[in-house]
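The residues making up each chain are set out below.
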Amino acid sequence: MKKKKIIAMLLCTAMVGGMVAGCGSSGSSDEGSKSAKGDAKGKVYYLNFKPEQADQWVDLAEKYTEETGVQVDVQTAASGTYESQLKSEMAKDEAPTLFQVNGPVGLATWKDYCYDLSDSAVYKDLQSDDYALKDGDEVKSIAYVIETYGLIYNKALLNKYFELPDAEITSIDDLNNFDALKKVADGIQAHKDDLGVEGAFTSAGMDSSSDWRFKTHLANLPIYYEYKDEGISSTDAIKGTYLDNYKQIWDLYLKDSTCDPSMISSKTGDDAASEFALGEAVFYQNGTWAYNDIKDNEVADEDLGMLPIYIGVDGEEDQGLCTGSENYWCVNKNASEEDIQATLDFLQWVVESDEGRDAIANEMGFVTPFTTFDEYLPANPLVEANSEYTKAGKTPVSWNFTTMPSEQWKNDLGSALLEYAQGTGQWDAVQKAFVDGWATEYAAANE
């Protein structure tokens, strides 16, 4: 596919996503999927967190309305704006009946709005309590998707590098730590013309559609290893033990990239997806959810793989991919009794009906924590990559970024990372935002 064509497709996708944000389906039923259309009571308003699946949620809502008559409205927040939009929507008379939190920190903010899901069908379908967030005995929130992220790579291009006469690493089996990753990335950058690429890594865009990959997902690695050392799962004061490791992987992303570091403030998530999909870069930090953005272009499914994000920690050869969830459903307990029941019925239909399960697994590409999905596994090579690491006995990296103290903390860290990349700031500012900012924001959130 020519570059102009994919850029046009990406622009169209962005425009459609914006149009979808206020869209939904409508109709009307008295007990959700179990009732006749003419007897409808209650409605559902879902504020969706994931813009990548905005269209699919609207389509699924329309199918449910068609089947039951229950009105289901879906609104999707723009990337990086969910928390602010949720606050705005919750202040309205017609507030969301179904919303999301990103984990324990998010739940702490919204738990007083969360209906107890202990007796719900969707909770009974959950594989394990590991995927539920509780407040005492009450089930306040339930994860609905388990995702994985790492370094997505182009196998064909990587193998082309391995065949170079001066390649220091010649096998994917030896690409299992930071030193090896640096040798490969440096080698690709040195031979980018020979390999027909623009850089080893896609651009590290720092606008709101992309910066979460670094201020949140990449920042998870130093947090994970510090928590592992300390034997904890959260903290009111991060030490920053592994910030030197954070720095060296960030430096590598900047140096061996498709663009100069001074340009990353204007680079977007679509830019990175396009660069990888067109075969202009070998590595792309993102997750299983990115498959829909890169498939059916220059990179064949059989050439898609995913590596752990190596940052130079002892024993990382045994590290797997970053696996977890920041997508937990909550039902608004302040909604009317009819709307609460309609929302519970809708969730049951999503995780139990053929239409719902097909949409979640095959159209959205989600791996779920529900027992009802055994025969519904997404056809996604990035999901298969994670399965291979698990089968090999590698230790998954848990999603500890859900314990980051606030959105402000992430934003301050992102600003410091950008200034450092552009040469207008020092790494000391990144460390200050990470460590001092954590203590300040944690105290503010828990005063």
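Note that the structure is a prediction, hence the values are computed from the model and not measured. (Residues numbered from 1 in each chain as written. Predicted model: local features only at pLDDT ≥ 70, side-chain atom pairs only at ≥ 80, totals over all residues. Heavy atoms only, no water.)

(A) Here's a closer look at the side chain of Thr372. One can find Thr372 in the loop between helix H15 (354–363) and helix H16 (381–391). Separated by 2.5 Å, the side chain of Thr372 and the backbone oxygen of Val351 make a polar contact. The contact partners of Thr372, leaving out residues within four places of it in the chain, are Asp125, Val351, Glu352 and Arg357. (Helix = DSSP H or I, 4+ residues; strand = E, 2+ residues; numbered from the N terminus. Polar contact = N/O pair within 3.5 Å; in protein donor to acceptor, adjacent residues only side chain to side chain. Contact = heavy atoms within 4.5 Å.)

(B) Highlighting the pattern of salt bridges. Overall, the coordinates contain 18 salt bridges when judged by the stated rule. For Lys255, the salt bridge identified is with Asp186, shortest N-O distance 2.6 Å. With Lys255 in helix H11 (residues 243–255) and Asp186 in helix H7 (residues 178–190), this residue pair connects regions lying 69 residues apart in the sequence. Put simply, Lys394 and Asp318 hold a salt bridge, and the shortest N to O gap is 3.9 Å. (Salt bridge = Lys/Arg side-chain N within 4 Å of Asp/Glu carboxyl O.)

(C) Looking closely at the packing of aromatic side chains. Counted under the stated rule, the structure contains 33 aromatic pairs. What links up through ring pairs into an aromatic cluster is the set Tyr46, Trp57, Tyr144, Trp329, Phe366, Phe370, Phe373 and Tyr376. (Phe/Tyr/Trp six-rings, centres within 6.5 Å; stacked < 30°, edge-to-face > 60°.)

(D) Inspection of the nonpolar core at higher detail. Judged by nonpolar contacts, the single largest core of 83 residues is most densely connected at Ile188, Tyr246, Trp250 and Phe283. Residues contacting Ile188, with those up to four places away along its chain left out, are Leu158, Tyr161, Leu195, Val197, Gly199, Ala200, Val282 and Phe283. One finds Leu117, Leu126, Val145 and Ala361 within the second-largest nonpolar core, a separate group that totals 39 residues. (Core = buried A, V, L, I, M, F, W, Y, C linked by side-chain atoms within 4.5 Å. Buried < 20%, exposed > 50% of the residue type's maximum accessible area, 1.4 Å probe, protein only.)

(E) Molecular detail of the confidence of the model for the protein. Residues at a pLDDT of 70 or more form 91% of the protein, whose mean pLDDT is 90. Across residues 1–36, confidence stays below pLDDT 50; counting only partners more than four residues off in sequence or on other chains, it has 80 contacts. (pLDDT = per-residue confidence, 0-100.)

(F) A look at the side chain of His191. In this fold, His191 is placed in the loop between H7 and helix H8 (192–195). By relative accessible area, which is 17% here, His191 ends up buried. Looking at His191, its side chain comes within polar contact range of the side chain of Asp166, at 2.9 Å. Not counting residues within four places of it along the chain, the set of residues in contact with His191 comprises Leu164 and Asp166.

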